[in-house]
Amino acid sequence: MRPYPLFLLLLSAALLRGEFQLFTVRGTAETPVTGIVDMGGTPTGQPLDVLVRVRNAGATMATIQTLSVQGTGFRLYQAPTPPISLVAGFSMDFYVRFVSGQPLAEGRANLRVNNATVTFLASAVAGVNVYAIEEDGTKTPRLAGQSTVFSPVERGQRSSRRFVLENPHSVPITVNRLSVSGSFQLVTAVAAPWVLAPGSDSTIEIAFQPAGSGLKTGTLSIDDRAFPLEGVGREPPFPKPTITIGPGAEQSARQVKVAVNFDAPSRADGAGQLRMEFTPAMAGADDPAVVFLSNGKRTIPFVVSSGQPQALFSNQKETLLQTGTTAGTLRLVAEMGGYSAETTVTIAPAPVLVDTITVTRGLDLLQMSVKGFDNTRSASEVAFTFFDSGGNMIDPGVIRASVAERFQAYFQAAPMGGMFAMQANFPATGLTNVITGVEIEFRNQAGTLRTPRLTF
Amino acid sequence: MPWFWLLAQAAMALPPLGFLHGPGGRLYPVYGMRGNFLLGEAAPETVRSAAVFAGMTLWKMPDGIRVSDARFLAAPEGRAVFAWRQASGTLVAWIRESRRMLRWEGDEGSDLTVPEGVEDVGGMVFTAHGVLRMVWKVDGQLEAVEFSLDTGRIVSREDVPGEQATLDSNGNVWSSGGADVSCGGRHWTLAGPLKEFSPLADGWMALRTEPGAEVARCTEPELFQLPVPMP
């Protein structure tokens with residue numbers, strides 16, 4: 001126990017009986033200062049802080065006119081500048097900090113608060129200086145509690161940093177314990193205890209290899225000092241998508257397969273979407289049949305699993321799209337992970353295609369129902385040619401009719417793309433049972449197409 | 001040779017091919033043609049079943065059959081399977097839940113007697129000669145039968161293999177077992193077990209499975225997908 005000068009004790013007591021009370025604070029616990037404050041020891045270069053609290057114990061406001069600390073290696077830290085007025089019962093906090101670059105058996109300082117003085121003691125033992133080496137080769141000093149940040153790295157991959165442990169003193173320093181924790185590993189083989197000769201230094205390498213993504217932390221522990229480490233793990237980038245369309249997409253009334261592949265197997269699970277844009281060749285003529293069939297929409301989600309080079313649509317490698325019955329341009333865009341790929345298909349205008357012909361024969365009437373599609377919506381003329389059982393053309397031969405206005409009115413009103421159903425009635429002056437075949441021809445802006453002969 | 005005039009009516013309209021039950025049991029009209037199919041908006045929930053014949057549409061409501069020509073024919077509650085003969089204006093309906101076969105000539109309705117043991121009728125169509133062709137289940141066995149309405153007699157009868165069966169609009173027998181479907185020597189494997197056959201016009205058959213619905217015709221090998229109905 002150190003002997004304390006009597007006057008110091010008297011002054012300390014006067015402080016306590018006066019309007020200000022002095023405490024050291026650790027956590028939430030306040031300890032009244034009754035004499036000398038022994039801060040303890042710290043390695044050279046490592047700051048040692050004590051939190052000090054001054055409380056106005058009087059009944060009225062009081063002012064601190066003087067607040068200072070004097071002593072080699074000691075200073076005030078995060079302290080307000082006087083004059084400081086404190087309301088009765090209120091307090092203010094500050095730190096007394098000690099740091100020494102050289103070993104020091106007993107450092108001593110006087111803290112003055114107005115007329116009161118308190119003695120602070122501290123010591124410094126020889127310790128290693130720790131530096132982090134930057135990318136440009138410069139060294140950044142590291143103190144315990146100061147975090148060192150590693151470069152972001154893809155999960156499963158590695159980034160590393162080197163640290164220098166330096167003994168600047170004239171005595172050897174023994175490092176009894178050196179370890180690394182968290183998402184960090186010590187690359188350099190170190191066997192503790194380990195002696196650093198006077199004036200020497202040693203370099204260690206620490207690797208950051210996160211297993212997952214996000215902020216990762218760890219600690220470099222050197223004896224009792226903890227140096228936080230941190231880094232960010234990233235998800236690997238997704239590969240670039242490519243779109244593959246099956247044959248037939250350039251024609252109307254087709255259901256074609258579409259796949260999304262990647263230029264390399266994906267290194268992570270991910271999700272994207274395949275989007276379809278349809279621009280009809282004629283203004284104001286969208287086609288509701290142009291959709292992905294598995295969901296009836298023009299956008300369909302897909303997923304990709306780590307290790308796979310192909311997207312899946314509800315567990316299928318391909319999805320079906322319907323090209324509709326309208327000429328135009330189909331643009332497909334696959335988007336995932338910041339990458340996109342697109343491909344365009346042109347559905348060319350085509351002559352009218354007849355899908356079904358139904359003939360109902362009455363005694364004096366032949367009723368014909370024709371279903372088909374005109375992807376140009378420009379049908380202008382239809383022609384019927386009838387045949388007998390001998391294959392002979394029946395008079396008057398080709399029967400032509402202009403249907404431009406009728407088709408135009410229909411397509412403007414009907415939301416079915418280019419599909420149509422037309423009913424034509426042929427009243428007969430004779431028996432209809434001699435008529436056993438028909439060929440139908442449509443003309444539109446893309447040309448003329450005649451059906452094969454339908455026999456009935 | 002007869003002299004013909006084209007009566008410039010060229011009536012334009014695209015009727016539905018038929019109807020399909022979608023999510024929640026709602027009926028959706030199916031439009032389209034080979035390689036291009038659309039679903040229309042769902043019918044009201046009161047519509048139990050529907051069918052399209054030669055420009056005429058029939059809707060089975062809770063208390064009867066609504067015809068597109070504005071007629072209403074009284075019939076018991078339940079889903080119906082229809083057959084229509086345009087030449088004679090004969091309509092036949094099998095009401096599933098009440099297991100009754102009804103017949104109308106114009107607006108005159110009457111019951112048709114079906115043999116004992118008939119559990120259900122999967123499909124009906126009139127042949128060109130006016131005979132009613134049906135697929136029914138009798139005592140657990142599927143059969144394709146031809147039945148004369150005039151004589152009230154079964155003209156022909158043969159077993160149909162499978163778990164479900166129906167007829168398309170051309171009178172071809174369709175049958176299924178699990179995800180396998182057959183018609184006229186053609187076979188298809190669907191994305192999942194067949195839930196329901198839905199005969200459509202022009203020989204098309206809608207095949208509803210849990211994942212969605214597909215469409216096929218007895219006369220061609222290709223299977224087409226229907227857009228998934230919106231819930």
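Residues numbered from 1 in each chain as written. Chains lettered and ligands numbered in written order. Predicted model: local features only at pLDDT ≥ 70, side-chain atom pairs only at ≥ 80, totals over all residues. Heavy atoms only, no water.

Asker: Help me get a handle on the pattern of salt bridges, residues and values and all.
Answerer: Residues and elements named next belong to chain A. Summed over the entire model, instances satisfying the criterion amount to 35 salt bridges over all chains. Linking lysine 257 and glutamate 318 is a salt bridge whose minimum nitrogen-to-oxygen distance equals 3.9 Å. Taken together, the positions of lysine 257 in strand E25 (residues 255-262) and glutamate 318 in the loop between strand E27 (299-304) and strand E28 (319-322) put the pair 61 residues apart, joining distant regions of the chain. Here lysine 257 falls in the partly exposed class, since its relative accessible area comes to 48%. (Salt bridge = Lys/Arg side-chain N within 4 Å of Asp/Glu carboxyl O. Helix = DSSP H or I, 4+ residues; strand = E, 2+ residues; numbered from the N terminus. Buried < 20%, exposed > 50% of the residue type's maximum accessible area, 1.4 Å probe, protein only.)

Asker: Can you tell me about the interface of chain B and chain A, naming the residues and giving the values?
Answerer: Listed by partner, the interface residues are 33 residues for chain B and 45 residues for chain A. Taken over both partners, the interface formed by chain B and chain A buries close to 3,600 Å², and the fraction arising from carbon and sulfur atoms is 66%. Put simply, chain B and chain A have one salt bridge between them. Inspection of the region where chain B meets chain A yields five residue pairs in polar contact (both at pLDDT 80 or more). Put simply, the parts of the chain that give the side of chain B that touches chain A at least two residues each are strand E1 (7-12), strand E3 (27-33), strand E4 (36-39) and strand E24 (220-226) of chain B. Sorting elements by how many residues they give to the side of chain B that touches chain A places E1 of chain B first, with six residues. (Contact = heavy atoms within 4.5 Å. Buried area = accessible area lost by both parts, 1.4 Å probe. Polar contact = N/O pair within 3.5 Å; in protein donor to acceptor, adjacent residues only side chain to side chain.)

Asker: Break down the nonpolar core for me, citing the residues and quoting the values.
Answerer: In this structure, Met368, Phe384, Phe386, Ile440 and Phe442 of chain A are the most contacted members of the largest nonpolar core, which totals 36 residues. Listed by contribution, the elements that provide at least two residues to this core are strand E31 (353-361), strand E32 (365-373), strand E33 (381-388), strand E34 (399-402), helix H2 (404-413), strand E35 (419-427) and strand E36 (435-444) of chain A together with E3 of chain B. Among the elements that make up this core, the one with the highest residue count is E35 of chain A (six residues). Phenylalanine 384 of chain A has contacts with Met368, Gly397, Val398, Ile399, Met422, Ala424, Phe426, Val438, Glu439 and Ile440 of chain A, leaving out every residue within four places of it along the chain. Counting 27 residues, the second-largest nonpolar core is a separate cluster that includes Val33, Leu67, Phe98 and Ala124 of chain A. (Core = buried A, V, L, I, M, F, W, Y, C linked by side-chain atoms within 4.5 Å.)

Asker: I'd like to hear about the pairing of strand E10 (residues 90-95) of chain B, residue by residue, with values.
Answerer: All names here are of chain B. The buried count for E10 comes to six of six residues, which makes it a mostly enclosed element. Relative to E10, strand E9 (residues 80-85) runs antiparallel, the two sharing six bridges. Paired with alanine 80 across the bridge in E10 is isoleucine 95. Sheet topology places E10 next to strand E11 (residues 100-105); six bridges connect them, and they run antiparallel. (Pairing = 2+ DSSP bridges.)

Asker: Tell me about the state of the cysteines, and name the residues and values.
Answerer: Residue and element names in this part refer to chain B. Scanning all chains against the criterion turns up one disulfide over all chains. Each disulfide pairs two cysteine sulfurs, and for cysteine 183 the partner residue is cysteine 218, the sulfurs being separated by 1.9 Å. Handedness of the cysteine 183-cysteine 218 disulfide follows from its S-S torsion of about -100°: it is left-handed. Pair noted here: cysteine 183 is in strand E19 (residues 180-183) and cysteine 218 is in the loop between strand E23 (213-217) and E24, with a separation of 35 residues, a long-range link. In this structure, cysteine 183 and cysteine 218 share a single accessibility class: buried. (Disulfide = S-S within 2.5 Å.)

Asker: Give a detailed account of the side chain of asparagine 36 of chain B, specifying residues and quantitative values.
Answerer: Among the secondary structure elements, asparagine 36 of chain B is positioned in strand E4. Look past the residues within four positions of asparagine 36 of chain B in its chain and what remains in contact with it is Ala253, Ala289, Gln322, Gly324, Thr325 and Met419 of chain A together with Tyr31 of chain B.

Asker: If you had to explain a nonpolar patch on the surface to someone new, which residues and values would you point to?
Answerer: All names here are of chain A. A contiguous nonpolar surface patch, about 320 Å² in accessible area, is contributed by Met61, Val87 and Phe90. As for its position among the elements, phenylalanine 90 is in the loop between strand E8 (84-86) and strand E9 (91-98). According to the relative accessible area criterion, phenylalanine 90 is exposed, its value standing at 54%. (Patch = residues over 30% accessible without salt bridge, like charges linked within 9 Å, V, L, I, M, F, W, Y side chains within 5 Å. Areas by Shrake-Rupley, 256 points an atom, 1.4 Å probe, with all protein chains shown as cover.)

Asker: Summarise the side chain of glutamine 255 of chain A; cite the residues concerned and give the values.
Answerer: Relative to the assigned elements, glutamine 255 of chain A resides in strand E25. In this structure the side chain of glutamine 255 of chain A is engaged in a polar contact, spanning 2.9 Å, whose partner is the side chain of glutamine 322 of chain A. Polar side-chain contacts of glutamine 255 of chain A include one of 2.8 Å to the backbone oxygen of glutamine 225 of chain B.

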